[in-house]
Amino acid sequence: MNRISILLQTSMLCLAMSAPALAGDTITVTSWGGAYTKSQEKAFFGPYSKETGVKILQDEWDGSTAKLKGMVETGQVTWDVVDVEPGHALQGCDEGWLEEIDYSKLGGKEAFIDGAAMDCAAATIVFGTIYAYDASKFPNGGPTTMADLFDTKKFPGPRALRKAPKTTLEFALIADGVAPAKVYDVLGSPEGVDRAFKKLDSIKKDVKVWWTAGAQPPQLLADGEVLMTTAWNGRIYDAVKNSGKNFKIVWDGQGMDFNLWAEPKGSPHKEAADKFIAYTMTPDVMARQSQYISYGPTLKAAIAKVPADILPDLPTAPENTKNAFVVSAEFWADHDEELTERFNKWLAQ
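Everything numeric here is computed off the predicted structure, so don't read it as measured data.

## Points about the overall build of the chain
Helices and strands together make up the secondary structure of the chain, namely 14 helices and 11 strands. For a compact globule of 349 residues, the expected C-alpha radius of gyration is about 20 Å, and the chain comes in at 22 Å, within 12% of that figure. Along the first, second and third principal axes, the C-alpha set of the chain runs to 90 × 40 × 35 Å. The 349 residues of the chain split such that 52% are buried. Once local pairs closer than 6 in sequence are excluded, the contacts in the chain between residues at least 24 apart make up 72%.

## A short note on unusual backbone geometry
Leaving glycine out, the prevailing phi sign among residues is negative, and the prevailing peptide bond configuration is trans. A positive phi angle, near 70°, is found at T167, a position not held by glycine. Mapped onto the fold, T167 is located in the loop between β6 (159-162) and α6 (168-175).

## Some remarks on the nonpolar core
The biggest cluster of nonpolar side chains holds 70 residues, and the ones touching the most others in it are V29, L106, F112, W261, F276 and M281. Per-element tally for this core: the top contributor is strand β5 (residues 121-134), with 8 residues. Residues L161, A172, I174 and V207 belong to the second largest nonpolar core, which totals 37 residues.

## What about the pairing of strand β1 (residues 26-31)?
Of all 6 residues making up β1, 5 are buried, and the element is well covered by its neighbours. Pairing geometry for β1 and strand β2 (residues 55-60), over 6 bridges, is parallel. Across the sheet, the residue bridging to V29 is Q58, located in β2. Between the parallel pair β1 and β2, the chain is carried across by helix α2 (residues 34-52), and the sense of this crossover is right-handed. Inspection of the sheet shows β1 paired to strand β3 (residues 81-84) by 2 bridges, in the parallel sense.

## Some points on the packing of aromatic side chains
Here the structure, examined in full by the defined rule, presents 23 aromatic pairs. Residues W210 and W346 carry aromatic rings whose centres are separated by 5.7 Å and whose planes lie at 90° to one another, so their mutual orientation is edge-to-face. Remark: W346 occurs in helix α14 (residues 329-348) and W210 occurs in strand β7 (residues 207-211); sequence separation between them is 136 residues. Overall, W210 belongs to the buried group, its relative accessible area being 19%. What links up through ring pairs into an aromatic cluster is the set W32, Y36, W61, W79, F127, W211, W232 and Y295. The side chain of K204 reaches across the aromatic face of W346, ending 4.5 Å from its centre.

Reading the values: the criteria
Residues numbered from 1 in each chain as written. Predicted model: local features only at pLDDT ≥ 70, side-chain atom pairs only at ≥ 80, totals over all residues. Heavy atoms only, no water. Helix = DSSP H or I, 4+ residues; strand = E, 2+ residues; numbered from the N terminus. Rg over C-alpha atoms; globule rule 2.2 N^0.38 Å. Buried < 20%, exposed > 50% of the residue type's maximum accessible area, 1.4 Å probe, protein only. Contact = heavy atoms within 4.5 Å. Core = buried A, V, L, I, M, F, W, Y, C linked by side-chain atoms within 4.5 Å. Pairing = 2+ DSSP bridges. Right-handed = clockwise from strand over helix to strand, strands pointing away. Phe/Tyr/Trp six-rings, centres within 6.5 Å; stacked < 30°, edge-to-face > 60°. Lys NZ or Arg CZ within 6 Å of the ring centre and 35° of its normal.

What is shown is where atoms sit, not what they do.
Next comes the structure, spelled out in structure tokens:
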């Protein structure tokens, strides 16, 4: 073999070893749609494809586990990376349909803020479930507390709430006077659940829309269809920043939560999925997302890279956490099925 052939083979081997992913690879990333997915496109999907040649296909889901579990159980996995909530991560680990995360590839669990490094999912952002209103509809001052969301005498008009018990029941208890720090102590008893539904009874006839997709709340406000709506804070921020809406967030009683990357078991593109997740879990890359949606990063090293003018709009800003609670993944893993059944029956009454 001549010297040129040896050099060519050596060069090709080095290129293959150093490539972050094979050009021509395709992975499917499933997320929640709307402004949130747009922020992922700008921060992660577009730059990664440009840098690696990997094509990222997108799908969307509503958080219902039936399709995800069904893929794994039938061996027909078409999603490689899924944006999940903590309850999905716990359930997927317990029932065996999510891969365990190898944190040695992500800088170790200690690189993340508390609660963000779960066994079968790694968190990318901290978001807040809040409620918001159109300030132009309140010339004399708008609502300021969680109790105001439920006060139809002081603030008459149609509302929108998420069509799910999670955070909806917590908000009801906080509006009824339960301290956010005690909300799961109360909700963990039959009497506490009854109390939450009784509070929801007081507002049920004023809930015009029970929303199921994150893009709905800002549109409902923009159309004037409702006066107030619960929402994910980033969707409201996006409407203000990018669409010029005069929406205001009420941070009182917010539920702080994570979104995380997970991998269904049986993906045919696991190696490519691993590399994509590792890319998003570098501090400089993770910090980008806060520039496009007001969610906070989960890597400690990424927090310092968020521009100072953005920090006040994040759920983790000190002013925004004074009366907040962290949504309990453990509680919802244990009680989601029974409370969803009761919630759906209550809605149908």
